[in-house]
Amino acid sequence: MKGKNEQRAGLLYGIGAYGMWGLVPLFWPLLEPSGAVEILAHRMVWSLGVVGVALLFLRRWAWVGELVRQPRRLGLIAIAATVISVNWGLYIWSVNNGHVVEASLGYFINPLVTIAMGVLLLGERLRPVQWTAVATGFAAVLVLAIGYGQPPWISLVLAFSFATYGLVKKKVNMGGLESLAAETAVLFVPALGFLLWLGASGDATFLAGGAGHGVLLAVTGLVTAIPLVCFGAAAIRVPLSVLGLLQYLAPVFQFALGILYFHEAMPPERWAGFALVWVALMLLTWDALRTARRTRAEALRLAVRAAESAAPVTTASVSAPDTDTSDASDTSPIK
């Protein structure tokens, strides 16, 4: 019963995390007339404050000393911070400039870009279905490029920046809160410096927009940290295959908001491009689920075989009590 409750809680945490990420386009327009770069700077500064308080409450500071003594990991953290700042900044700009649908496409094609980077940078080998999915995704980009009259740059930059961020985070191998704290700490000084310069030049909106506007800018820290905390809680409670399916909630919500709430245009060529992307994602999902089932079946088969091979040894040790125990322990497959 406890295991089922944990999985149910993990599922709710996962839906909450991806649901909040999917609905965040409703929040960024509330911060106007602040520009995307100013919003991004506030997000960096306030996120560090929120995450710092969380880590202080949880008493998780041992990682700081270890990280400082590892220049290579510090360098990777700096790269991750730079890449995610590009991703966040472009996404905020896209939402506030009428490109929500195109931004959602970036997160739809992100899994395909991640797979392609695995092949090109890590030498990974793809299964035939994965190759088909990647080729279908490439065809979708071509269709959209023809329809737009140019490549969908917003989608591609968002997809490649987030895929790069994931690749770097994999090499850093840190927890979600710790990683976000380190990344925002790297960018805290430049972000705060930019905000101070903006204030000195008279272009800042933090105080000029009134107390309510200032509070909304400060809330960007919570908007960043809360979904991440929920994601971390989900990751330790549900299988990765479930998280892989839940990740599509965010772009689905963003896509729906772009059409139904922001009333962005969807000409036939855009529908065709999105349809191809969705076909590619269905192929990936089907292949992942099929591979997961085969892996579980193989693990069960090996466990049964191990139990069967161990059974004669157990029987022999029971029927021959006078056998030298040292010799028996040397021949037993169970160590």
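Treat the numbers as computed from the prediction; the structure is a model and nothing was measured. (Residues numbered from 1 in each chain as written. Predicted model: local features only at pLDDT ≥ 70, side-chain atom pairs only at ≥ 80, totals over all residues. Heavy atoms only, no water.)

> When you look at the overall build of the protein chain in this model, what are you seeing that I'm missing?
Secondary structure assignment for the protein chain yields 13 helices and zero strands. Taken along its principal axes, the extent of the C-alpha atoms in the protein chain is 90 × 50 × 40 Å. Considering the protein chain as a whole, with its 335 residues, one finds that 40% of them fall into the buried category. Of all intrachain contacts in the protein chain linking residues separated by at least 6 positions in sequence, the fraction that spans at least 24 positions is 84%. When the accessible area of the protein chain is evaluated, it comes to approximately 18,200 Å², of which 70% is carbon and sulfur surface. Charge separation in the protein chain, taken as the distance between the mean sites of 23 positive and 18 negative side-chain charges, equals 3 Å. (Helix = DSSP H or I, 4+ residues; strand = E, 2+ residues; numbered from the N terminus. Buried < 20%, exposed > 50% of the residue type's maximum accessible area, 1.4 Å probe, protein only. Contact = heavy atoms within 4.5 Å. Areas by Shrake-Rupley, 256 points an atom, 1.4 Å probe, with all protein chains shown as cover. Lys, Arg positive; Asp, Glu negative; His and termini not counted. Charge placed at Lys NZ, Arg CZ, Asp CG, Glu CD.)

> Would you mind going over the packing of aromatic side chains with me for this structure?
Aromatic ring pairs are reported here in terms of the distance separating the ring centres and the angle at which the planes meet. Under the counting rule described, the total for this entry stands at 17 aromatic pairs. Ring centres 5.4 Å apart and planes at 70° place the aromatic pair Tyr18 and Trp21 in the edge-to-face group. With Tyr18 and Trp21 both in helix H1 (residues 2–23) and three residues apart, this pair spans about one turn of that helix. Judged by its relative accessible area of 26%, Trp21 is partly exposed. Arranged with centres 6.0 Å apart and planes meeting at 35°, the rings of Phe194 and Trp197 form a pair that is tilted. (Phe/Tyr/Trp six-rings, centres within 6.5 Å; stacked < 30°, edge-to-face > 60°.)

> I tried to follow the nonpolar core on my own but got confused; where do I start?
Across soluble globular proteins, nonpolar side chains have a tendency to be buried as a group. Core analysis: the largest hydrophobic core is formed by 28 residues, its most contacted members being Val51, Trp63 and Met174. Elements represented by at least two residues in this core include exactly helix H2 (36–58), helix H3 (62–68), helix H4 (71–96), helix H7 (153–172), helix H8 (176–200) and helix H9 (211–235). In contact with Trp63, not counting residues within four places along its chain, are Leu55, Met174, Glu178, Ala181 and Ala182. (Core = buried A, V, L, I, M, F, W, Y, C linked by side-chain atoms within 4.5 Å.)

> Sorry if this is basic, but what is going on with the pattern of salt bridges here?
On inspection of all chains with the given rule, the structure shows five salt bridges. Note that Glu183 and Lys169 form a salt bridge whose closest N and O atoms lie 3.9 Å from each other. Taken together, the residues Glu183 in helix H8 and Lys169 in helix H7 connect sequence positions 14 residues apart. Take Glu183: its relative accessible area is 2%, and that puts it in the buried class. For Lys169, a relative accessible area of 21% gives the class partly exposed. The shortest N-O distance in the salt bridge between Arg290 and Asp287 comes to 3.0 Å. One end of the pair, Arg290, and the other, Asp287, are both in helix H12 (residues 268–319), three residues apart, so they sit about a helical turn from each other. (Salt bridge = Lys/Arg side-chain N within 4 Å of Asp/Glu carboxyl O.)

> What is the right way to look at the packing of H2 against H8 in this model?
Packed helix pairs are specified by the crossing angle of their axes together with the interaxial distance, meaning the distance between the axes. Put simply, H2 and H8 touch, their axes get as near as 7 Å, and they point 135° apart. Judged by the angle between their axes, H2 and H8 are oblique. For the pair H2 and H8, the crossing hand works out as left-handed. Considering only residue class, the contact of H2 with H8 consists of 20 nonpolar, three polar and two charged. (Axes fitted to C-alpha atoms, helices over the stretch in contact; angles between N-to-C directions. Parallel < 35°, antiparallel > 145°, perpendicular 65-115°, else oblique. Left-handed = near helix turned anticlockwise from the far one by under 90°. Nonpolar A, V, L, I, M, F, W, Y, C, P; charged D, E, K, R; others polar.)

> Help me understand the confidence of the model for the protein chain, please; the structure alone is not making it clear to me.
Detailed reading of predicted coordinates is not advised where the pLDDT is low. On average, the protein chain scores 85 in pLDDT, and the residues at 70 or more come to 91%. Considering each helix and strand of the protein chain separately, the mean pLDDT is smallest for helix H13 (residues 325–331), with a value of 39, and largest for helix H11 (residues 249–261), with 94. Across residues 315–335, confidence stays below pLDDT 50; counting only partners more than four residues off in sequence or on other chains, it has five contacts. (pLDDT = per-residue confidence, 0-100.)

> Sorry if this is basic, but what is going on with the environment of Ala233 here?
Take Ala233: it is sitting in helix H9. For Ala233 and Leu11, which are 222 residues apart along the polypeptide, the C-alpha to C-alpha distance reads 9.4 Å.

> Just to check I follow, could you spell out the packing of H4 against helix H5 (residues 100–122) for this structure?
One way to put it is that H4 packs onto H5 with a least axis distance of 8 Å and a crossing angle of 150°. In the packing of H4 onto H5, the handedness of the crossing is left-handed. Between H4 and H5, the contacting residues are Asn87, Tyr91, Ser94 and Val95 on the first element and Val100, Ala103 and Tyr107 on the second. In the contact of H4 with H5, the residues fall into five nonpolar, two polar and no charged.

> Would you mind showing me how to read a nonpolar patch on the surface here?
A cluster of nonpolar side chains, Leu23, Leu26, Val252, Phe253 and Tyr261, forms an exposed patch at the surface whose accessible area comes to about 430 Å². The leading source of residues in the nonpolar patch is H11, at three residues. Among the secondary structure elements, Val252 is positioned in helix H11. On the basis of relative accessible area, Val252 is assigned to the partly exposed category, the value being 39%. (Patch = residues over 30% accessible without salt bridge, like charges linked within 9 Å, V, L, I, M, F, W, Y side chains within 5 Å.)

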